[in-house]
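# Residue-level structure breakdown
Below, each chain spelled out in residue letters.
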Amino acid sequence: MSDFPISTEKRGDILIVTSNNPPVNALGAGVRTGLEAALNEAAADDGIKAIVLICAGQTFFAGADITEFGKPPVEPMLPAIIARMESFDKPVIAAIHGTALGGGLETALGAHYRVAVPSAKLGVPEVKLGLLPGAGGTQRLPRVVGVKAALEMTAKGDPVPASKAHQWGLVDHLAEEGALLDAALAFADKVKDVRPIPRVSEKSVAADDAAIEAFRKENARKFRGFDAPAANIACVEAATRLPFAEGLEFERGEFMKLMFGSQSAAQRHIFFAERKASKIDGIASDVALRPIAKVGVIGAGTMGGGITMNFLSAGIAVTIVEQAEDALNRGVGVIRKNYEASAAKGRLTTEQVETAMGLLTPSLSLDDLADCDLIIEAIFENMDVKKEVFGKLDAIAKPGAILASNTSYLNVDEIAASTSRPNDVVGMHFFSPANVMKLLEVVRGAKTADDVLATVMALAKKIKKVAVVAGVCHGFIGNRMLMPRQVEANKLLMEGATPEQIDRVHVEFGMPMGPFQMSDLAGVDIGWHRDPSRIESIRDALCAEDRWGQKKGAGFYDYDEKRNPTPSVRVAEIIEDFRSRSNMPKREISDQEIIERTLYTMVNEGAMILEEGMAQRASDVDVVWIYGYGWPIYRGGPMFWAGLEGTPKIVEGLKKHGFAVSPLLAEKAEKNEGF
Ligand code: T1G
């Protein structure tokens, strides 16, 4: 036995070494010390002929302990433990269930054999933390699975199922589900006297420069702006070129560069921020949740259909209601088409499509929502319309049903007041396309009950959304910060910048698209007053000429039939016309000014959101922008980025352009602190 989260038990001449370090058996200092002690115990006992290394709880080691990063290293370090294990003169059998990830898989690679249950997954997701497998993974993995598979696993970070790992020889034996230890013991008994003991580092891996080059080219767009993927590729390439020991040195050097870079700090920040967002300050984590067995969705348009798919895909029955039969049939048809498109790409089986569609009940009557546990309206973004529907729902919905609005900026308290049950009302703001975008803003009304909020946050996890609690204000968190960005972007057009320049600055920053590209995608006509004779802005002028964006083949850009954009001469004329009529002098606008007026203003708005309590924490604001708008994860979100950019520099930039600086931001700048 040992004092550490590692216990040992002798079973005949096999030593069972068990890690019990919930929740994911992270390889923290205590575990590493316990492993070292277990190896010493096995070395000292001639009666032990093999070791089975297994984990209790939900998973095999899921990696190094990320909370230790950035702190002084504590011996024994993982690479040393793995090297000791690999050079051991008695075979070590890793018994894998759950997810053997990162340092966990690297530990299994240091073992001599690997036994896994079919449901297990094996991967090296360090790249998603802006890192690379720093305990020999980039050198051992290619020696087992080859260059191509190692490139995929290290540079993209997605795990592979045990069945595929078994095909590749990464797993030596697949055990029956639920019989892992017995299978590992039987395997150990079989190999305990087999010599030589197989050691991965003694294998070699053939060079495959063509595959490496092809992989780099094929993923250039996906990896744009990131440092870690290239470092992972370089390490895999080193494994084909250098002796193992030198390869380890190379890997170590690349790992340390990433570990102390801002990108990994940003990506680790988001890893924890995403998990923190699901926690609601002031509500006990064990509050009783309302059961959600049946969901009602009102509106079968783009949003209603996308929202519906989230629940169907999670195995939750949905009744979808429309006013007109053709709209209902169209909406249901789009849902089926989307599922069939996924099946065509091999992401779903036809059975899964039919199962999902089998959970869908189309209806033309709100009365059919009477037995729903949650009803979400996704209808026209107009307060009067929403209040009318909620008034009807109040009479139809069963007691205890949660009534949610998908409004993207309207006042949820006002909507709740149109019912006799405001404590059952909440905002659930999905982002379009709702079946794809991970972010869900959960808008907490003044009277929203704690259990309603907790139920929706838990349900979000079930439908694979990243949920963030927002307060009731115009635009909540994301769209509220989008507003100053859009206002300034349009002002910059009047002062001499072009849509292409402003969008380029944002794309170079790492955004998937700039403000005007986004406007063309979403629809320039969103929020337009629809009166072509009323032209008070550049946007009005575009809409009056039917330039509603990609859907019309023209918006801020011109589009060909494949929706490829080109700068528009007509738009330049419209802007010029507006500028000359408003006697606005045209001037050169620097890229830096665009950053200051569109990104610094977002940070300022984020600080005001925090001051007003409209977001629980700065990291929640970051999560909103990463998962709702594609903010580059290697910059950690707007508030984290403010720390990298420097709050004093941001305040100076805001003041230079005459913006009122939020007190919280000013205070951070005073102390030269981030958020
Ligand atoms: N270290 C510390 N804490 C971790 C952790 C880790 N590796 N993984 C998860 N947690 C915490 C998490 O913050 C949460 O805490 C709780 O565990 C449950 O997590 C040297 C350098 C394993 C698939 O990147 O992918 O090895 O919120 O909510 O949904 O080369 O956790 O409860 O307080 O995500 O069941 C590489 C990261 C590390 C794996 C389980 N490994 N983890 O998912 O639970 S770097 C990873 C995950 C490394 C070496 C390198 C998932 C999971 P709290 P959860 P889950």
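Residues numbered from 1 in each chain as written. Predicted model: local features only at pLDDT ≥ 70, side-chain atom pairs only at ≥ 80, totals over all residues. Heavy atoms only, no water.

Labelled according to an unreviewed UniProt entry, the protein chain appears under the name 3-hydroxyacyl-CoA dehydrogenase, originating from Blastomonas aquatica. Taken from UniProt, the Subcellular location (unreviewed entry) comment for the protein chain reads in full: "Peroxisome". According to its UniProt record, the protein chain has this under Pathway (unreviewed entry): "Lipid metabolism; fatty acid beta-oxidation." (UniProt positions renumbered as here; feature names shortened; annotations may be inferred.)

## Focus: the overall build of the protein chain
Looking only at helices and strands, the protein chain features 26 helices and 19 strands. Along the first, second and third principal axes, the C-alpha set of the protein chain runs to 90 × 60 × 50 Å. Residues classed as buried in the protein chain amount to 54% of the 675 residues present. Considering only contacts in the protein chain between residues 6 or more positions apart, those separated by 24 or more positions represent 72%. (Helix = DSSP H or I, 4+ residues; strand = E, 2+ residues; numbered from the N terminus. Buried < 20%, exposed > 50% of the residue type's maximum accessible area, 1.4 Å probe, protein only. Contact = heavy atoms within 4.5 Å.)

## Brief notes about the sheet that holds strand β5 (residues 99-101)
Spatially, the three strands line up as an open sheet ordered β5-β7-β8, and their pairing is mixed. Two strands bound the open sheet, and with one partner strand each, they are β5 and β8 (160-161). Sheet strands touched by helix α3 (residues 103-110): β5 and β7 (121-123). Its angle to β5, the strand with the most contacts, is close to 85°. (Pairing = 2+ DSSP bridges. Axes fitted to C-alpha atoms, helices over the stretch in contact; angles between N-to-C directions.)

## Some details on the site of the ligand
Taken together, 26 residues surround the ligand, and among them Ala64, Gly103, Glu106, Glu126 and Arg275 come closest. Backbone polar atom of glycine 103 to an oxygen atom of the ligand: 2.8 Å apart, as the coordinates give it. For the ligand, an oxygen atom lies 2.5 Å from a polar atom in the side chain of glutamate 106. When the free accessible area of the ligand is taken as 1,000 Å², the share hidden by the protein chains comes to 73%. Among the elements of the structure, β5, α3 and α10 (262-277) are those that each provide at least two residues to the shell around the ligand. In terms of residue count, the dominant contributor to the shell around the ligand is α10 (three residues). Partitioning the shell around the ligand into residue classes produces 15 nonpolar, six polar and five charged. (Near = heavy atom within 4 Å. Polar contact = N/O pair within 3.5 Å; in protein donor to acceptor, adjacent residues only side chain to side chain. Areas by Shrake-Rupley, 256 points an atom, 1.4 Å probe, with all protein chains shown as cover. Nonpolar A, V, L, I, M, F, W, Y, C, P; charged D, E, K, R; others polar.)

## Structural notes on the UniProt feature "domain: 3-hydroxyacyl-CoA dehydrogenase C-terminal" (unreviewed entry) in the protein chain
UniProt marks residues 475-559 with the feature "domain: 3-hydroxyacyl-CoA dehydrogenase C-terminal" (unreviewed entry), using the numbering shown here. Helix makes up 52% of residues 475-559 and strand makes up 4%, while its end C-alpha atoms are separated by 30 Å.

## Focus on the pairing of strand β6 (residues 113-116)
Alternating positions in β6 separate into two faces, Tyr113 and Val115 on one and Arg114 and Ala116 on the other, with burial throughout. The pairing of strand β4 (residues 92-96) with β6 spans four bridges and is classified as parallel. Its bridge partner lying in β6, alanine 95 is registered against valine 115. Here two bridges tie β6 to strand β9 (residues 173-174), and the two strands are oriented parallel to one another.

## Concerning the pattern of salt bridges
If you walk through the whole model with that rule in mind, you get 51 salt bridges. Note that glutamate 488 and lysine 491 form a salt bridge whose closest N and O atoms lie 3.5 Å from each other. With a gap of three residues between them, glutamate 488 and lysine 491 both fall in helix α17 (residues 478-495), about one helical turn apart. Judged by its relative accessible area of 42%, lysine 491 is partly exposed. (Salt bridge = Lys/Arg side-chain N within 4 Å of Asp/Glu carboxyl O.)

## Concerning unusual backbone geometry
A cis amide bond, omega 5°, links proline 22 with the succeeding residue proline 23. When you line up the elements, proline 23 lands in the loop between β2 (14-19) and α1 (29-44). In the segment running from glutamate 75 into proline 76, the intervening peptide bond is cis, with an omega of -10°. Within the fold, proline 76 resides in the loop between β3 (50-55) and α2 (78-86). Its identity is not glycine, yet phenylalanine 476 carries a phi of approximately 55°, on the positive side. Checked against the element boundaries, phenylalanine 476 lands in the loop between β17 (466-470) and α17.

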